[in-house]
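# Report on the structure
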Amino acid sequence: MLIHADADAFFASVEQRDHPHLRGRPMVVGPQVVACASYEARALGVHAGMPLFQAVRRWPELLVAQFRGSAYESASADLMALFRDITPLVEPGSMEEAFLDVSALDGGSVEEAGRIAAALRVRARRELGLPVSAGVARAKLFAKLASRRAKPDGLFVVDAETEARVRPRLPVADLWGVGPMTSGKLHDAGIVVVADLAGWTVDALIERRVAKAMAKNLVAIRDGLDDATIRLPTARKSISSQRSLGRSTRQRSTIQEALRDNVIRALARLGEDPRPASRLDVHLRFDDDHAVMTPGSLDEPSRDPAILIGAALAALERTAYEEDGRGVTMVGVTFGLPAADSTAPGHSG
């Protein structure tokens, strides 16, 4: 059985833990863009990726905490250490979330796995001062869906009977990795929920311009062959984040906001990895499916979100995307990372 454990509103929760005057208040973490919003702020409509000045102008009651990279890295290390104290089989997904394989501890019992997850949440609150939501299931898809349903600060357990009942009714748009563009292609083919995949082959989905890896994943999900493999982390050479815009756009603010959001997401995905970004590339895909990559300029390796956002926006301007008449459908960013034993200097925020 797997547990997907995910600290709620991670950056904001660390700030609320460390600064009592922020607790229970609508607050966000800056500096130039909303890196994270507390649940109190989310109730107002504030979301990550929103330009900070825009959020504060619209909601003057927002409290703003400056991004403290070293504090989040330390909290992430503590969180992952707690996870590994429960089981060595931990696959981090980002700074604040991971899959835990507790099969050796639960005897295959979903009830026992649920008790392990409940104890994990108690320890995270008591020892680290952080709220953690958790989902329990036999494989990654339903464990992640369960933790999403459990938020904020809850636990949801999916047994075999529930999985079998829910699987056919799952909206394909809610499946892990299915973005607005893929969802649109599937909907155009009459595929709205998993049950609608009946009779579809991988090749038939590819003919509908669904990426091969995604087509294989969709068929596996339909057939109940979900991924339950824990992949232990290795030193990566790069880290990326991309965001489908859902529709073609040439609106400058929309594209810039998506790029800012990707920088923050890519930083979060570094998790416990202490290495700074030594290279930065900006990726755009246009409505004719043509893609371009533009390198950014970094004076030195960095983890400072303000520096990386600035470099990404400067690279975006060099693509001249506003001049050629095509609309943008996807925005992404990739950070190149130095070798694992590198001691290159960097900023922690």
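Use the structure listed above.
## Notes on the sheet that holds strand β2 (residues 27–29)
Strand-to-strand pairing in sheets goes through backbone hydrogen bonds, with the strands running parallel or antiparallel. Pairing within the open sheet is mixed, and its three strands lie in the order β3-β2-β4. The outermost strands of the open sheet, each flanked by one partner alone, are β3 (36–37) and β4 (63–65). The pairing of β2 with β3 spans two bridges and is antiparallel. Looking at β3, one finds that V28 is bridged to A37. Across the sheet, helix α1 (residues 10–18) lies against β2, β3 and β4, angled at about 115° from β2, the strand it touches most.

## Re the environment of R25
By secondary structure assignment, the location of R25 is in the loop between α1 and β2. A residue is classified by how much of its surface remains accessible, and R25, at 39% relative accessible area, is partly exposed. C-alpha separation for the pair R25 and S74, spaced 49 residues apart in sequence, amounts to 24 Å.

## Brief notes about the packing of helix α4 (residues 69–86) against helix α6 (residues 110–128)
Packed helices, taken two at a time, are described by the angle their axes make and the gap between the axes. Interhelical geometry of α4 versus α6 gives an angle of 145° and a closest axis separation of 11 Å. Considering only the axes of α4 and α6, their crossing is right-handed. Contacts between α4 and α6 involve D78, L79, L82, F83, D85 and I86 from the former and I116, L120, R123, A124, E127 and L128 from the latter. Of the residues that constitute the contact of α4 with α6, the class distribution is eight nonpolar, no polar and four charged.

## Re unusual backbone geometry
Excluding glycine, residues mostly have negative phi values, and the peptide bonds linking residues are mostly trans. With omega at -5°, the peptide bond leading from K151 into P152 counts as cis. One can find P152 in the loop between α7 (140–150) and β8 (155–157). Non-glycine residue A9 carries a positive phi angle of around 40°. Residue position: A9 is located in the loop between β1 (2–7) and α1. At R209, a residue that is not glycine, the phi angle is positive and equals roughly 65°. Inspection of the secondary structure assignment puts R209 in the loop between α10 (202–207) and α11 (212–222).

Cut-offs used in this document
Numbering of residues begins from 1 in every chain and follows the order in which that chain's sequence is written. Selection of residues for local features in this predicted model requires a pLDDT of at least 70, selection of side-chain atom pairs for listing and counting requires 80 or more, and totals for whole chains, interfaces and linings are taken over all residues. Hydrogens and waters are ignored; side-chain quantities use all the structure's heavy atoms. What makes two strands pair is DSSP finding at least two bridges between them. Labels follow the DSSP assignment, with helices taken as runs of H or I lasting at least four residues and strands as runs of E lasting at least two, numbered in each case from the N terminus. Residues are treated as being in contact if the distance between any of their heavy atoms lies within 4.5 Å. To get an axis, a line is fitted to the C-alpha atoms, and for a helix only the part in contact is used. The angle between two axes follows their N-to-C directions and goes from 0 to 180 degrees. Between buried and exposed lies partly exposed: a residue is buried under 20% and exposed over 50% of the maximum accessible area for its type, with that area taken using a 1.4 Å probe on protein chains only. Less than a right angle of anticlockwise turn of the near helix away from the far helix marks a crossing as left-handed, whereas a clockwise turn marks it as right-handed. Classes in brief: Ala, Val, Leu, Ile, Met, Phe, Trp, Tyr, Cys and Pro nonpolar; Asp, Glu, Lys and Arg charged; the others, Gly included, polar.

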